[in-house]
Amino acid sequence: MATAMRGAEATGAAPERPPARRNTAVLVAFTAATNLADGVLKMALPMLAAELTDSPARVAAVSLTLTAPWLLIALHVGVLVDRLDRRRLLWAASALRLAAVGWLAAAAAAGGLSPAQLLLTGAVLGVADVIAGTAGPALVPAAVPREARGRVNAWMSGAETVCQEFAGPFAGGLLMAAGTGLALGATWIAYAVAALALPFLAGRFRAERGTAAPVSVNARIAEGLRFLWRHHLLRTMSLVLTALCAVWGGWLALIPLYAKQEMGLDAGEYGLVLSALGVGGLTGALAVTAVNRLLGVRWAMFADLLGTAAMAALPALTTQTWAVAAGAFLGGMGGTLWTVNSRTIGQRLVPDELLGRFGAASRLFGWGAMPLGAGLAGVIGELVSPRAAFVVLALLAAATVVPFLRTVTPAALRAEG
């Protein structure tokens, strides 16, 4: 992208602007459809596991497979995102999702599911999520003009949260009550709709590369890691996100069994609790511009620290459904405020040819922490109690306050703007 723009400047021609409205519509539609399916599966797979076992650790293992690939393959996927066409990578992720869900649906129709099948499906879906989650944000700068990125990030984040945290779990609860086969079939259709939207995305989505000699994969990975680690603001944001994602991973791993055993909720009621995440996320997406204007980007992002701490603390304090749902609402709202602002900051500060590797490196620390948080929560829940695990998660979220306030200052944000 940078090379193309320099060439245009040298010839006196203006660089071609992407068709913002069309691409925005496609990106939001793709995001909504995939996250709707993700939301159904995020509710359905752990609930299926909870029906097969009473062990918190084994139920947590299913959630762990959904996020473990971020820890294992994110850096290599980042290299692919900076070398290959980013839209084609989204197609590849869609193909993996369709294959995994189709296989699980066939297994369910054939007479039952096993824990091993749930684990394998979760792992494949996790790999697809790494590909799509790295390629999607890296594609945005080539899809829409600079001045539209904040708005597009807000709409995409809103689609993510409302579909994955609200509509998806709510629909998942209803579909699971109607039958496992129906839930998996509807999920497969949603992934197919998302894949069919991608051909309408207009533009060129391969990062520009210079004419230098070929560089090894490990060297490319190291370049992305160095860029992140040497950038004080981005490094601190990534480390804070690491702790917050560990809390989210632990919360999502514990809450299915906790809702069933301690709160006495059925699948539909559990779906409503998870839906509070989406309501909060939608609120954050709709309010992010006003919140940024009123409080500033720093305090808007700080809301995620407080919301995540509340989300983890409330189940440790009470089994009241409304209170746990309120904590989920605060976590969802804070998460969206963070996502929109951090994506916009990253897209502004990171060169296009590094966006894939930067995003992968950042998510290695962030999303890669989710399986670690799920594993830690599962072990504490097994050895002590789920409530003790929620206390540990709340303390971990609270520990991010001081480093965030010391580094993400108004002066630092202005300097990087």
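Basis of the calculations
Residues numbered from 1 in each chain as written. Predicted model: local features only at pLDDT ≥ 70, side-chain atom pairs only at ≥ 80, totals over all residues. Heavy atoms only, no water. Core = buried A, V, L, I, M, F, W, Y, C linked by side-chain atoms within 4.5 Å. Buried < 20%, exposed > 50% of the residue type's maximum accessible area, 1.4 Å probe, protein only. Helix = DSSP H or I, 4+ residues; strand = E, 2+ residues; numbered from the N terminus. Contact = heavy atoms within 4.5 Å. Salt bridge = Lys/Arg side-chain N within 4 Å of Asp/Glu carboxyl O. pLDDT = per-residue confidence, 0-100.

### A word on the nonpolar core
Moving on, step 1. With 111 residues, the main nonpolar core has Leu45 and Trp251 as its most contacted residues.
Moving on, step 2. A per-element tally of this core places helix H9 (residues 232–261) first, with 16 residues.
Moving on, step 3. For Leu45, the residues in contact, after removing those within four places along its chain, are Val62, Leu66, Leu104, Leu118 and Leu125.
Moving on, step 4. Residues Ala154, Val288, Val291 and Val340 belong to the second largest nonpolar core, which totals six residues.

### Considerations on the pattern of salt bridges
Moving on, step 1. The final tally for this structure, using the stated rule, is seven salt bridges.
Moving on, step 2. A salt bridge links Arg97 to Asp129, with the nearest nitrogen and oxygen atoms 3.8 Å apart. Taken together, the residues Arg97 in helix H4 (residues 86–109) and Asp129 in helix H5 (residues 115–143) connect sequence positions 32 residues apart.
Moving on, step 3. A salt bridge links Glu160 to Arg343; the nearest nitrogen and oxygen atoms lie 2.8 Å apart. Highlighted residues: Glu160 in helix H6 (residues 149–178) and Arg343 in helix H12 (residues 321–349), separated in sequence by 183 residues. Comparing Glu160 with Arg343 shows no difference in burial state: the two are buried.
Moving on, step 4. Through salt bridges that share partners, Asp82, Arg86, Glu223, Asp352 and Arg357 make up one connected network.

### Details of the confidence of the model for the chain
Moving on, step 1. Here the chain averages 85 in pLDDT, while 93% of its residues score no lower than 70.
Moving on, step 2. The secondary-structure element of the chain with the lowest mean pLDDT is helix H1 (residues 2–11), recorded at 39, while helix H11 (residues 297–317) shows the highest, at 95.
Moving on, step 3. In the model, residues 1–15 has pLDDT below 50 throughout and makes nine contacts with residues more than four positions away in sequence or in other chains.

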